[in-house]
Amino acid sequence: MLVLGIESSCDETGVALYDTTAGLLAHQLHTQIAMHAEYGGVVPELASRDHIRRVLPLTQSCLAEAGRTLDDIDAIAYTAGPGLAGALLVGASVANALAFALNKPTIAVHHLEGHLLSPLLADPAPPFPFVALLVSGGHTQLMAVHGVGRYELLGETVDDAAGEAFDKSAKLLGLGYPGGPALSKLADRGDAARFKLPRPMLHSGDLEMSFSGLKTAVLNLVKAESPLDEQTTADICAAFQEAIVEVLLKKSLAALKQSGLKRLVIAGGVGANRQLRAALDDAAKKRRFEVFYPPLSLCTDNGAMIAFAGAQRLAFAQAAGSFSIQPRWDLSSLPAVQ
Ligand code: KG4
Ligand code: ZN
């Protein structure tokens, strides 16, 4: 069964073709980073208009890459939420129009379920059950994943998401948008020991997290050290990254302990962070648990995870068939399929 996946929830247009027997056949991405950069963040109306421009050419080049035609497609999965309403509507409209023309079903996919299941596209893929650390620009959650749609929330951030903290701190440091990767790159040249930043809620005794205080601490450092020279900026980046990685690591270890599970899966954009990966790999060796990541190119938003999540639901006949978007959508409201 061949599933076309369309992602358009924010600032990336992603299209992919996933075959339930042959695996991922093609995936193509257009990032709007350059377009939004001059505004210092995502401009929703510009995002929607750009998705309109990109989605069909990307679909065509995906089909060409996979050596398939529109007629080969069995179902169309699209991100129905959460995300920017106008941006979501582009993917939803194109998916439903194509599905109508081809007389095939559509599947409305939850963006976070896409992220959550994306490590299953890796080789080897983690078997269920596992603990998932979902760290994106908008969410930071620890979940026990028992199957597709069987997600048990163990803990989450009470304020900013980890990716949001990266982006906001990067902005305070003048590193532009989106700041996560830029901050992380600069951190490699910094001395993490020069500044001591807080580890909020590290000892809260539960799996809740908080990152907004860390951003405020960065703001205070920026004020105290201004004008910032390059080395000081790098040192603040290193201290920030060390603090956030320590919190994510310790909370993930606590989630493994609490759930009794021995597999940890990382999903979402911050999962691309090299220091986080190194810290988790190191802990996995010492503490004898397994850690899985999506392929690096599938950590941030992409169409492959949407095609894949759609295929999982389709396998259990959960095609939606209706035209819907949900800019706010609670992951726990999804039905379990296995
Ligand atoms: O999952 P994602 O692509 O989009 C959302 O669904 O939010 O995640 C984007 C987030 C941004 O906050 C970005 O700064 C962060 O992931 N990010 C990183 C890195 N690459 C992306 N944060 C830290 N280090 C990175 N290498
Ligand atoms: Zn995302």
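Above: the structure in question.
Report on the accompanying structure. On a predicted model such as this, the values are computed, not experimentally measured, just so you know. (Residues numbered from 1 in each chain as written. Chains lettered and ligands numbered in written order. Predicted model: local features only at pLDDT ≥ 70, side-chain atom pairs only at ≥ 80, totals over all residues. Heavy atoms only, no water.)

## Here we look at the overall build of the protein
Point 1. Tallying secondary structure elements over the protein gives 10 helices and 10 strands in all.
Point 2. For 338 residues, the compact-globule estimate of 2.2 N^0.38 gives 20 Å, and the C-alpha radius of gyration of the protein, at 20 Å, lies within 12% of that figure.
Point 3. Projected onto its principal axes, the C-alpha coordinates of the protein cover approximately 60 × 45 × 30 Å.
Point 4. Counting all 338 residues of the protein, 54% fall into the buried class.
Point 5. Across the protein, the mean location of the 28 positive side-chain charges is 5 Å away from that of the 34 negative side-chain charges. (Helix = DSSP H or I, 4+ residues; strand = E, 2+ residues; numbered from the N terminus. Rg over C-alpha atoms; globule rule 2.2 N^0.38 Å. Buried < 20%, exposed > 50% of the residue type's maximum accessible area, 1.4 Å probe, protein only. Lys, Arg positive; Asp, Glu negative; His and termini not counted. Charge placed at Lys NZ, Arg CZ, Asp CG, Glu CD.)

## Side note on the site of ligand 1
Point 1. With respect to spatial proximity, 18 residues lie near ligand 1, and among them Gly137, Asp167, Gly269, Asn273 and Asp301 are the closest.
Point 2. A distance of 3.0 Å is found between an oxygen atom of ligand 1 and a side-chain nitrogen or oxygen belonging to histidine 115.
Point 3. Contact between ligand 1 and aspartate 301: an oxygen atom at 3.0 Å from a main-chain N or O atom of the residue.
Point 4. Here ligand 1, which alone exposes 550 Å², has 86% of that area covered by the protein.
Point 5. Elements represented by at least two residues in the shell around ligand 1 include exactly helix 4 (111-117), helix 5 (162-172) and helix 6 (179-187). (Near = heavy atom within 4 Å. Polar contact = N/O pair within 3.5 Å; in protein donor to acceptor, adjacent residues only side chain to side chain. Areas by Shrake-Rupley, 256 points an atom, 1.4 Å probe, with all protein chains shown as cover.)

## Regarding the packing of aromatic side chains
Point 1. Enumeration over the complete set of coordinates arrives at three aromatic pairs.
Point 2. Taking the centre distance of 5.4 Å and the plane angle of 20 degrees together, the rings of phenylalanine 128 and phenylalanine 130 count as stacked.
Point 3. On the numbers, 5.1 Å between centres and 85 degrees between planes, the contact of phenylalanine 166 with phenylalanine 240 is edge-to-face. Remark: phenylalanine 240 occurs in helix 8 (residues 230-259) and phenylalanine 166 occurs in helix 5; sequence separation between them is 74 residues. (Phe/Tyr/Trp six-rings, centres within 6.5 Å; stacked < 30°, edge-to-face > 60°.)

## Looking at the layout of surface pockets
Point 1. The volume enclosed by the second largest pocket comes to roughly 230 Å³.
Point 2. Lining of the second largest pocket is provided by Lys250, Leu253, Ala254, Leu256, Lys257, Gly260, Leu261, Lys262, Arg287, Arg288 and Phe289.
Point 3. Element by element, the count of residues in the lining of the second largest pocket is highest for helix 8, at five residues.
Point 4. When the residues that make up the lining of the second largest pocket are grouped by side-chain class, the tally is five nonpolar, one polar and five charged. (1 Å grid on protein atoms, 1.4 Å probe; cavity = no way out; pocket = protein on both sides within 12 Å on 5 of 7 lines; lining within 4 Å. Points joined across faces, edges and corners; volume = space filled by probe spheres on them. Nonpolar A, V, L, I, M, F, W, Y, C, P; charged D, E, K, R; others polar.)

## Some details on the packing of helix 5 against helix 7 (residues 212-225)
The packing of two helices is summarised by the inter-axis angle and the distance between the axes.
Point 1. Closest axis-to-axis distance for the helix 5/helix 7 pair is 9 Å, and the angle between their directions is 10 degrees. One finds that helix 5 runs roughly parallel with respect to helix 7. When helix 5 is examined against helix 7, the residues Lys168, Ser169 and Leu172 are found in contact with a partner set consisting of Lys215, Val218, Leu219 and Val222.
Point 2. In terms of residue class, the contact of helix 5 with helix 7 is made up of four nonpolar, one polar and two charged. (Axes fitted to C-alpha atoms, helices over the stretch in contact; angles between N-to-C directions. Parallel < 35°, antiparallel > 145°, perpendicular 65-115°, else oblique. Contact = heavy atoms within 4.5 Å.)

## Regarding the nonpolar core
Point 1. The biggest cluster of nonpolar side chains holds 58 residues, and the ones touching the most others in it are Leu4, Ile6, Leu17, Ile76 and Tyr151.
Point 2. The element best represented in this core is helix 10 (residues 304-315), accounting for eight residues.
Point 3. With residues near it in sequence (within four places) discarded, leucine 4 still touches Val15, Ala16, Leu17, Thr59, Ile73, Ala75, Ile76, Ala77, Leu98 and Ala307.
Point 4. Residues Val131, Leu173, Leu214 and Ile266 belong to the second largest nonpolar core, which totals 52 residues. (Core = buried A, V, L, I, M, F, W, Y, C linked by side-chain atoms within 4.5 Å.)

## What about the coordination of the zinc ion (ligand 2)?
Between any two of four tetrahedral donors, the ideal angle at the metal is 109.5 degrees; between two of six octahedral donors, it is 90 or 180 degrees.
Point 1. The zinc ion (ligand 2) binds to the protein through His111 (NE2), His115 (NE2) and Asp301 (OD), with metal-donor distances spanning 2.0 to 2.1 Å.
Point 2. Of note is the zinc ion (ligand 2), whose four donor atoms meet at the metal with angles of 95 to 128 degrees in an arrangement that counts as tetrahedral.
Point 3. All donors of the zinc ion (ligand 2) belong to a single chain; written as a sequence motif, their spacing is H-x3-H-x185-D. Of the two residues, histidine 111 sits in helix 4 while aspartate 301 sits in the loop between strand 10 (290-292) and helix 10, which places them 190 residues apart along the sequence.
Point 4. Accessibility expressed as a relative area gives 7% for histidine 111, which makes it buried.
Point 5. On the basis of relative accessible area, aspartate 301 is assigned to the buried category, the value being 13%. (Donors = N, O, S within 2.8 Å, 3.2 Å for Na, K, Ca; no water. Tetrahedral: all angles 85-135°; square planar, octahedral: opposite > 155°, others 65-115°.)

## A look at the side chain of serine 9
Point 1. Relative to the helices and strands, serine 9 is located in the loop between strand 1 (2-7) and strand 2 (12-19).
Point 2. Residue classification places serine 9 among the buried residues on the basis of a relative accessible area of 3%.
Point 3. Side-chain polar atoms of serine 9 contact the side chain of histidine 111, separated by 3.4 Å.
Point 4. Filtering out sequence-adjacent residues up to four positions away, serine 9 remains in contact with Thr79, Pro82, Gly83, Leu84, Ala87, Leu88, His111 and Asp301.

Just distances and angles here, no functional claims.
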